[in-house]
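Spelled out from the first residue to the last, the chains are:
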Amino acid sequence: MERQAAIKRIEELRELLNQYNYEYYVLDRPSVPDSEYDRLMQELIALEEQYPDLKTKDSPSQRVGGQALDAFQKVEHRTPMLSLANAFNEGDLRDFDRRVRQEVGDDVAYVCELKIDGLAVSVRYEDGYFVQGATRGDGVTGEDITENLKTIRSLPLRLNEPVTLEARGEAYMPKASFERLNEQRRQRGEELFANPRNAAAGSLRQLDPKIAASRHLDLFVYGLANAEELGIASHSAALDYLQQLGFKTNPERRRCANMDEVMQFVNEWQEKRPQLPYEIDGIVIKVDSFAQQEQLGATAKSPRWAIAYKFPAEEVVTKLIDIELNV
Ligand SMILES: CC(C)(C)c1nc(N2CCN(c3ncccn3)CC2)c2cc(C(N)=O)c(N)nc2n1
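Definitions and cut-offs
- Residues numbered from 1 in each chain as written.
- Predicted model: local features only at pLDDT ≥ 70, side-chain atom pairs only at ≥ 80, totals over all residues.
- Heavy atoms only, no water.
- Near = heavy atom within 4 Å.
- Polar contact = N/O pair within 3.5 Å; in protein donor to acceptor, adjacent residues only side chain to side chain.
- Areas by Shrake-Rupley, 256 points an atom, 1.4 Å probe, with all protein chains shown as cover.
- Helix = DSSP H or I, 4+ residues; strand = E, 2+ residues; numbered from the N terminus.
- Nonpolar A, V, L, I, M, F, W, Y, C, P; charged D, E, K, R; others polar.
- Axes fitted to C-alpha atoms, helices over the stretch in contact; angles between N-to-C directions.
- Left-handed = near helix turned anticlockwise from the far one by under 90°.
- Contact = heavy atoms within 4.5 Å.
- Phe/Tyr/Trp six-rings, centres within 6.5 Å; stacked < 30°, edge-to-face > 60°.
- Buried < 20%, exposed > 50% of the residue type's maximum accessible area, 1.4 Å probe, protein only.
- Lys NZ or Arg CZ within 6 Å of the ring centre and 35° of its normal.

### Here's the deal with the site of the ligand
Here's step 1: Near the ligand you find 15 residues, and of these Leu82, Glu113, Ile116, Glu170 and Lys286 are the closest.
Here's step 2: Contact distances for the ligand include 2.8 Å between a nitrogen atom and a side-chain N or O atom of Glu113.
Here's step 3: Here the ligand loses 77% of its free accessible area of 600 Å² to cover by the protein chains.
Here's step 4: Mapped onto the shell around the ligand, the elements with two or more residues apiece are strand S3 (110–116) and strand S10 (280–287).
Here's step 5: The element that contributes the greatest number of residues to the shell around the ligand is S3, accounting for four residues.
Here's step 6: Taken together, the residues of the shell around the ligand sort by class into nine nonpolar, one polar and five charged.

### Some words on the packing of helix H1 (residues 3–25) against helix H2 (residues 34–50)
Here's step 1: For the pair H1 and H2, the least separation of the axes is 10 Å and the interaxial angle reads 145°. Here H1 runs over H2; the crossing is left-handed. Counted together, Ala6, Arg9, Ile10, Leu13, Arg14, Leu16, Leu17, Tyr20, Asn21 and Tyr24 of H1 and Asp34, Tyr37, Leu40, Met41, Glu43, Leu44, Leu47 and Glu48 of H2 form the full contact between these two elements.
Here's step 2: Residues that form the contact of H1 with H2 fall into these classes: twelve nonpolar, one polar and five charged.

### Looking at the packing of aromatic side chains
Here's step 1: Following the criterion strictly, the structure yields nine aromatic pairs and no others.
Here's step 2: Each ring, one from Tyr24 and one from Tyr25, has its centre 4.4 Å from the other, and the planes form 40°; the classification is tilted.
Here's step 3: Under the relative-accessibility criterion, Tyr25 is labelled partly exposed at 25%.
Here's step 4: Plain terms: the ring middles of Tyr125 and Phe247 are 5.3 Å apart, the flat faces sit at 90° to each other, and that makes the pair edge-to-face. One end of the pair, Tyr125, is in strand S4 (residues 119–126); the other, Phe247, is in the loop between helix H8 (235–245) and strand S9 (254–256), with 122 residues separating them in the sequence.
Here's step 5: In this structure an aromatic cluster arises from ring pairing among Tyr125, Phe130 and Phe247.
Here's step 6: The residue whose ring lies beneath Lys57 is Tyr129, and the NZ or CZ to ring-centre distance is 4.8 Å.
Here's step 7: Directly above the aromatic system of Trp269 lies the positively charged group of Lys272, at a separation of 4.3 Å from the ring centroid.

What is shown is where atoms sit, not what they do.
Listed below in structure tokens is the structure:
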């Protein structure tokens, strides 16, 4: 194909592949079969090989994984990635609620989110383009896993607006991908992954992005590191904004007016947890208003405006029940 035609065709392919990718991996509503997506991707890769100078950093072809790295570079997080204090029962949550109200008064709302059992990551965008992704690490210094994160189809390579931001999220391996991967490893006599979290961590620590691409990881974003700079007033508004930009946010979040509604959400998801296509290990509860978050501040380790309610470990409970019932 001659150059002018190639320029036009590459542009068409990019638009199509980005749209199909968004429908399939973010909306979970594909409009074309995988075979069509793969065919167009192969055509794009061939044209970019014929005209390498036409390849751009947000091209969908970046998702199949490039050269293997020798090592991961270190990345200093501009804003530290804090930890979360844990709650193990309703009493702990009531104590948290009391401390919050003592500080900010009774007019407080919470946002409840499923606590995805994966690996916390930070992703930076400049003028709308994905430029760097890193693991949480120790909260201050993480590892640059940009090339591996590009293989996560629900991570936009370019946002719907040309904004500069840093988003935080949880990379995870869906249960189905985990079962398929362990079945493959079983057949090859390889060591199995104990759970989807370990599998996701092991996959993102691969130096060869083609291996990461083969693991079908996914990502939910759950926050902005620089929300106040962007003039956003609450956590709910930040999540809505992230969704508008093209990120995948978890749909099962709920804004609660008090701790009774929070407990309802916690109990509901403790029951419904097995039906989810991914593993969760609890519920994260956050004060919604950023002004109130500011008032509450953070300890050296974790915010005073958020807490993680941890579910009892699922597998241990079932094993114990098995032993009891099948003695
Ligand atoms: C921004 C804050 C600090 C409030 C925050 N921090 C989180 N985490 C911190 C501790 N993390 C951590 N990881 C490893 C070692 C120590 N802490 C792992 C992420 C969140 C994790 C999830 C999730 N998993 O679904 C979520 N919906 N919201 C979060 N929000």
